[in-house]
Amino acid sequence: MTYILYEVRERVAIVTINRPDAGNAQNAQLLEELDGNFAKAVADDEIRVIVLRTEGKHFSTGHDIAAAVLEQEPWKSMFDDVDRTGLLRMYDWESQHYFGYSRRWRDIPKPTIASVQGACVAAGLMLCWPMDLIIAADDARFSDPVARMGIGGVEYQGHAWEWGARKAKEMLFTAGWMGAEEAHRLGMINRIVPRAELDEATFALAAQIAQMPPHAMRMAKRAVNAVLDAQGQHQALDFAFQTHSLGHANAWATHRHPTTAGLAEMTKGNKAGEGQS
């Protein structure tokens, strides 16, 4: 089984996450396939723009951390020697597959566009935030409820950069939801379109950018990302990942498991938000 579809159209690579029956929740295989397909698009000199989209009702409901999943590899192997090694193995795995992938995708040397519909929860943000542009359907909504698990936020904590400090604190403190209109007002989203027009509008923008000189696009992207890094984005994201890992350690110390504290409450809140029209 593969979770990623790959299509090339008019010098645009369309990378599609295809796990709609699970709300496009992210497991290890999905993330590894996604990273590989991004690398494939980068290596192809004919590709000038990369679009990330998903099939189904929701863009992504986050990491697949249902109780049953936690008993499978690689999750189970992260926990089987905690008494001897602490959470170092989990830290290393998240450094690569969560924080590391998102940080690498942010620096893909070609323009990238995320096409977002429905619920975008927690790690769903870690898919769209690293992209250069975000086009959202009018039913898109965003949330990071990870604080319900006793952890301060997702591994790639771009909240303050995307929403501003006070709104970031509000969303993290309440585990609330943000609609597309507010996300657009705050500058996280470039454009909002009707749900039925999302794919068409995303590809039209990608095709327009694909007409631009590729070297100019690469240099423009590097210049803007350099501004963010000069403002401390990379250091801030790295610090937030360290505090995220401290949250896992605290959960282990208090509940003898690094993830399941508050999992049921968080899942319940997610499902309530996912069911909104």
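Residues numbered from 1 in each chain as written. Predicted model: local features only at pLDDT ≥ 70, side-chain atom pairs only at ≥ 80, totals over all residues. Heavy atoms only, no water.

K.L.:
Lay out the packing of helix H4 (residues 88–106) against helix H11 (residues 233–255) in plain terms, naming residues and giving numbers.
P.N.:
Geometry of a packed helix pair, given as the angle between the helix axes and the separation of the axes. H11 packs onto H4 with a crossing angle of 155° between their chain directions and a minimal axis gap of 11 Å. With respect to H11, the axis of H4 lies roughly antiparallel. Crossing geometry of H4 relative to H11 is assigned as right-handed. Across the interface between the two elements, Met90, Tyr91, Glu94, Ser95, Phe99, Arg103 and Arg106 from H4 touch Gln233, His234, Leu237, Asp238, Phe241, Gln242, His244, Ser245 and His248 from H11. A class-by-class count of the residues in the contact of H4 with H11 yields five nonpolar, seven polar and four charged. (Axes fitted to C-alpha atoms, helices over the stretch in contact; angles between N-to-C directions. Helix = DSSP H or I, 4+ residues; strand = E, 2+ residues; numbered from the N terminus. Parallel < 35°, antiparallel > 145°, perpendicular 65-115°, else oblique. Left-handed = near helix turned anticlockwise from the far one by under 90°. Contact = heavy atoms within 4.5 Å. Nonpolar A, V, L, I, M, F, W, Y, C, P; charged D, E, K, R; others polar.)

K.L.:
A description of the sheet that holds strand S2 (residues 12–17) should follow, citing residues and the corresponding values.
P.N.:
In space, the six strands of this open sheet follow the order S1-S2-S3-S4-S6-S9, with mixed pairing throughout. Looking at which strands have only one partner, the edges of the open sheet turn out to be strand S1 (4–9) and strand S9 (191–193). Along the sheet, successive strands turn relative to each other by an average axial angle of 20°, direction set aside. For S1 and S2, the ladder comprises six bridges, and the chain directions are antiparallel. Of the residues in S2, the one forming a bridge with Ile4 is Ile17. (Pairing = 2+ DSSP bridges.)

K.L.:
How would you sum up the pairing of strand S6 (residues 133–137)? Please name residues and give values.
P.N.:
Summarising burial for S6: four of the five residues are buried, a large majority. Both strand S4 (residues 112–116) and S6 contribute to a ladder of four bridges, which runs parallel. Across the sheet, Ser115 pairs through a bridge with Ile135, a residue of S6. Taken together, the three bridges between S6 and S9 define a ladder with parallel strand orientation. Looking at S9, one finds that Ile135 is bridged to Arg191. (Buried < 20%, exposed > 50% of the residue type's maximum accessible area, 1.4 Å probe, protein only.)

K.L.:
I'd like to hear about the packing of aromatic side chains, residue by residue, with values.
P.N.:
All told, the structure shown has seven aromatic pairs when counted by the stated rule. Here Trp93 and Tyr98 contribute two aromatic rings whose centre-to-centre distance is 5.2 Å and whose plane-to-plane angle is 90°, an arrangement assigned as edge-to-face. We note that Trp93, like Tyr98, is buried. A connected cluster of aromatic rings, assembled from ring pairs, spans Tyr91, Phe99, Tyr156 and Phe241. (Phe/Tyr/Trp six-rings, centres within 6.5 Å; stacked < 30°, edge-to-face > 60°.)

K.L.:
Give me empty space enclosed by the protein: which residues, what numbers.
P.N.:
All chains considered together, the criterion is met by one cavity of 30 Å³ or more. As for the largest cavity, its lining consists of Gln26, Leu31, His63, His97, Tyr98, Tyr101, Ser102, Trp105, Met126 and Leu127. For the lining of the largest cavity, the leading source of residues is H4, giving five residues. When grouped by side-chain class, the residues that make up the lining of the largest cavity number six nonpolar, four polar and no charged. (1 Å grid on protein atoms, 1.4 Å probe; cavity = no way out; pocket = protein on both sides within 12 Å on 5 of 7 lines; lining within 4 Å. Points joined across faces, edges and corners; volume = space filled by probe spheres on them.)

K.L.:
Summarise the state of the cysteines; cite the residues concerned and give the values.
P.N.:
Inspection of every chain in the model, using the stated rule, returns zero disulfides. The thiol sulfur of Cys120 is not disulfide-bonded, and the nearest other cysteine sulfur, from Cys128, lies at 4.0 Å. (Disulfide = S-S within 2.5 Å.)

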